[in-house]
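So the chains spell out like this:
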Amino acid sequence: MTESVPSPGWRRLRGVLVVLGLLGGCATVGPDYQPPEVDWLSDWQPDLYGQRVQADDGTGDDLRFWWHLFNDPVLTVLIAEARRENPSLRLAGLRILESRAALGIADSGRYPQLQQIGADATYIRGEQAGGADRDRSFARYSADFSVGWELDFWGRFRRGIESADAAFFASIANQQDAQVLLVAQVVDLYYAYCTTLQRIDIARHNAAIQHRSFEITERIFKAGQGSELDLQQARTQYLATRATIPLLQADMIRLRNALAGLLGRPPGPISELEATRGELPPVRPMAIEAVPAQLLLRRPDVRSAAWQVAVQSAQIGVAEADYYPAISLFGSIGWSTSTLSDSGSSTSLLAGPALSWNIFDYGRIRNNVRLQDARLQSAIAAFQGQVLAAARELDDAAVQVVKTVESQRSLTESVEAAQRALDLATKRYQEGYSDFQRVLDAQRILFAQAERELVNHGAHVSAIVDLYRAAGGGWMPMTTNDMLPADIRQTMEERTDWGDLLDEPIPEVGHPAGPAAPSSSTP
């Protein structure tokens with residue numbers, strides 16, 4: 001049996017290469033992540049027009065549960081159901097698992113790779129020219145495998161892990177942003193549904209009043225004491241009001257179906273809505289605990305945009321590593337034997353360094369670095385635009401809250417005045433001091449003002465929803481069990497070996513304030 005043994009000189013060379021590899025681990029090409037700046041944010045103090053987002057209503061709840069301010073048990077049940085069953089939120093949770101698996105792929109590049117493994121068996125039958133033993137048959141067997149390990153001399157793999165880690169954190173922030181949008185949509189649709197219910201009630205109430213007026217004018221006309229003009233005007237107004245009810249009912253069904261979609265249900269009746277009477281919540285003062293700039297940076301969509309900057313920053317280092325040679329250590333072990341009596345088995349061992357360097361790339365590497373740098377600047381611009389949009393949304397929602405309150409006071413008084421005018425017009429008509437047209441005008445005005453008051457009340461509630469959404473409220477940390485129901489988890493585990501990945505905790509994600517380092521959740 002023959003065996004090749006590394007010489008002392010080779011052992012020294014191998015030691016030098018290992019030391020160089022370890023030293024090379026300290027060299028990382030490409031820029032380190034720098035948090036993108038927004039010049040105006042530090043000095044910006046928006047005029048919230050006296051409004052403050054409530055951070056604690058005395059029940060221990062904060063921005064995560066801002067809808068508790070409305071004290072509506074039906075709404076609370078709907079939001080809990082949506083958080084469990086909403087398809088978009090579930091998809092965002094699956095994106096977290098996807099990015100976590102991608103992080104594991106990036107992390108695996110740091111370790112030695114089994115490049116090739118092989119085995120063969122050969123049977124040979126031959127004949128000799130003379131002698132008693134004319135047939136000679138024998139078999140040969142061999143096996144070999146080789147291992148390669150590219151040293152992360154320039155930080156290519158570290159930058160790749162850094163980018164994948166930032167993408168993992170961005171996916172968590174995206175899932176939290178999906179929670180914010182989902183809660184706001186459920187609350188908005190629910191109260192839009194309640195508003196439509198009340199509009200239908202107002203239309204029916206006014207239609208009933210106008211129907212009574214129509215019956216009165218009809219009796220007077222048939223008795224020969226009134227004009228047909230009064231009769232037709234009363235009939236026209238009554239039918240016009242009644243015609244609005246089917247359109248409002250169609251709007252109510254569309255709102256209900258949209259809400260069913262958020263709950264992960266097909267279009268159809270929602271049993272939880274049967275318990276609501278369509279009442280809109282009273283307006284209560286709101287309070288804030290964080291300065292607006294902190295609210296903006298705490299928004300999940302803003303944090304996601306900042307992590308996208310970190311993702312792209314690391315990609316520049318990955319591209320720049322192609323400028324330099326790739327240094328690898330490789331080794332192979334082979335074994336062979338045969339059944340011949342005069343042949344033994346042999347083992348071979350081969351190891352050494354390898355270097356590859358793409359010197360003549362004709363500008364490909366340089367232009368790839370330029371490409372990644374342009375994408376980084378685009379990510380920074382997208383982050384700055386996201387912060388700007390967040391500030392605008394916060395300011396727009398705040399002014400909408402204030403102005404709908406101001407309008408509500410005037411509209412409430414106008415409804416009271418319209419009701420009083422109708423009472424007076426009806427009384428004067430019955431006493432013969434005015435014509436019926438005054439009654440019709442008063443009815444029309446009352447109907448219009450009552451509807452305007454209700455619509456403004458609904459707009460006020462919607463503005464409060466927008467204010468909390470703009471403040472980034474409505475999300476909370478979720479586990480994999482929260483994001484995926486048991487049946488889906490079971491299906492995934494039966495289909496694929498997930499190991500402990502489905503049970504790994506989801507780390508808390510803040511705003512990236514420094515270089516994105518591999519997280520503790522790296523598989």
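Residues numbered from 1 in each chain as written. Predicted model: local features only at pLDDT ≥ 70, side-chain atom pairs only at ≥ 80, totals over all residues. Heavy atoms only, no water.

What to know about the overall build of the protein
What counts is decided by this rule: Comment: elements are numbered from the N terminus, with helices defined as DSSP H or I runs of at least four residues and strands as E runs of at least two. For each residue, the accessible area found with a 1.4 Å probe, counting protein chains only, is set against the maximum for its type, and the residue is called buried under 20%, exposed over 50%, and partly exposed in between. Contact definition: two residues touch when any of their heavy atoms are within 4.5 Å. All accessible-area figures derive from a Shrake-Rupley calculation using a 1.4 Å probe, and residue coverage is judged against the displayed protein chains alone.
Within the protein one finds 11 helices and 4 strands. The buried share among the 523 residues of the protein stands at 43%. For the protein, contacts bridging at least 24 residues in sequence account for 82% of all contacts bridging at least 6. Accessible area of the protein: about 28100 Å², with a carbon and sulfur share of 54%.

What about the packing of aromatic side chains?
Basically, it comes down to this: Note on ring pairs: Phe, Tyr and Trp rings are taken, using the six-membered ring of Trp, and paired if centres are within 6.5 Å. Classes follow the plane angle, with under 30 degrees stacked, over 60 edge-to-face and the rest tilted.
One pass over the structure, following the stated rule, counts 13 aromatic pairs. Where Tyr323 meets Tyr324, the ring centres are 6.5 Å apart and the plane angle is 75 degrees; that geometry is what we call edge-to-face. Relative accessible area serves as the criterion here: at 34%, Tyr324 is assigned to the partly exposed category. Aromatic ring contacts, followed pair by pair, group Phe65, Trp66, Trp67, Phe70, Tyr190, Tyr191 and Tyr468 into a single cluster.

Quick word on the pattern of salt bridges
Going by this rule: Each salt bridge in this description consists of a side-chain nitrogen of Lys or Arg and a carboxyl oxygen of Asp or Glu lying within 4 Å of one another.
Within the structure shown, the criterion is met by 22 salt bridges. We note a salt bridge from Arg444 to Asp441, for which the minimum N-O separation is 2.6 Å. Taken together, the positions of Arg444 and Asp441, both in helix H9 (residues 436-470) and 3 residues apart, correspond to about one turn of that helix. Relative accessible area serves as the criterion here: at 42%, Arg444 is assigned to the partly exposed category. A relative accessible area of 22% places Asp441 in the partly exposed class. In this structure, a network of salt bridges that share partners links the residues Arg299, Asp301, Glu393, Asp466 and Arg469.

Focus on the side chain of Asn86
Here is the rule we go by: Contacts described as polar in this section are N or O atom pairs within 3.5 Å, which, within protein, must combine one atom able to donate a hydrogen with one able to accept it, while residues neighboring in sequence count only if both atoms come from side chains.
By secondary structure assignment, the location of Asn86 is in the loop between helix H2 (73-85) and helix H3 (87-108). Side-chain polar atoms of Asn86 contact the backbone oxygen of Leu262, separated by 2.9 Å. Among residues more than four places away in sequence, those in contact with Asn86 are Leu182, Gly261 and Leu262.

Some details on the nonpolar core
Here is the rule: Within this scheme, the nonpolar core is defined by two criteria: the residues are buried Ala, Val, Leu, Ile, Met, Phe, Trp, Tyr or Cys, and they are joined through side-chain atoms within 4.5 Å.
Ranked by size, the top nonpolar core spans 91 residues in total, and within it Leu75, Leu78, Val186, Val187 and Tyr191 carry the most contacts. Contributions of two or more residues to this core are made by H2, H3, helix H4 (156-222), helix H5 (228-262), helix H6 (292-298), helix H7 (300-320), helix H8 (364-430) and H9. The element that contributes the greatest number of residues to this core is H4, accounting for 22 residues. The contacts of Tyr191, once residues within four sequence positions are left out, are Phe70, Asp72, Leu75, Glu279, Leu280, Pro281 and Val461. Leu231, Ala425, Tyr429 and Val439 belong to the second-largest nonpolar core, a separate cluster that totals 13 residues.

Details of unusual backbone geometry
Phi at Asn71 is positive, roughly 55 degrees, even though this residue is not glycine. By the element assignment, Asn71 lies in the loop between helix H1 (8-24) and H2. Taking the relative accessible area as the measure of exposure, Asn71 reaches 68% and is therefore exposed.

A look at the packing of H5 against H9
Put simply, the rule reads: Angles here are taken between N-to-C directions and fall from 0 to 180 degrees, while the axes themselves are lines fitted to C-alpha atoms, restricted in helices to the stretch in contact. When an angle is under 35 degrees it counts as roughly parallel; over 145 it counts as roughly antiparallel; between 65 and 115 it counts as roughly perpendicular; any other value is oblique. The nonpolar class holds Ala, Val, Leu, Ile, Met, Phe, Trp, Tyr, Cys and Pro. Asp, Glu, Lys and Arg form the charged class, and all remaining residues, Gly among them, are polar.
At a minimum axis separation of 10 Å, H5 and H9 run at an interaxial angle of 10 degrees. Here H5 is positioned roughly parallel relative to H9, judged by the angle of their axes. Contact residues: H5 offers Asp230, Gln233, Ala234, Gln237, Thr241 and Thr244, while H9 offers Phe436, Gln437, Leu440, Gln443, Arg444 and Phe447. By residue class, the composition of the contact of H5 with H9 is 4 nonpolar, 6 polar and 2 charged.

A few points about the environment of Val405
Structurally, Val405 can be placed in helix H8. Along the backbone, Val405 and Asn456 are 51 residues apart, and their C-alpha atoms lie at a distance of 8.6 Å.

Some points on the confidence of the model for the protein
Reading fine detail from the predicted coordinates is not recommended where pLDDT is low. Quick reminder of the rule: For every residue, the predictor assigns a confidence score, pLDDT, that lies between 0 and 100.
Here the protein averages 82 in pLDDT, and 83% of its residues register 70 or above. Mean pLDDT across the elements of the protein bottoms out in H1 (47) and peaks in H2 (95). Residue range residues 1-19 is modelled with pLDDT below 50. Its contacts to residues more than four positions away, or to other chains, number 19 contacts. Contacts of residues 55-61 to residues separated by more than four positions or lying in other chains number 9 contacts, the stretch itself having pLDDT below 50.

Regarding H7
Where we set the bar: Helix span, expected: 1.5 Å multiplied by one less than the number of residues in the helix.
In this model H7 runs 31 Å from its N-terminal to its C-terminal C-alpha over 21 residues, within 8% of the 30 Å that 1.5 Å per residue would give. Within H7, 17 of the 21 residues are buried, which leaves the element mostly enclosed by the surrounding structure.

A word on the side chain of Glu453
The criterion, for reference: For the purpose of counting charges, residues Lys and Arg are taken to be positive, whereas Asp and Glu are taken to be negative. His and the chain ends are not included.
One can find Glu453 in helix H9. Buried Glu453, no salt bridge; nearest opposite-charge side chain is Arg452, N-O distance 10 Å. In this structure the side chain of Glu453 is engaged in a polar contact, spanning 2.9 Å, whose partner is the side chain of Thr412. With residues near it in sequence (within four places) discarded, Glu453 still touches Gln408, Leu411, Thr412 and Val415.

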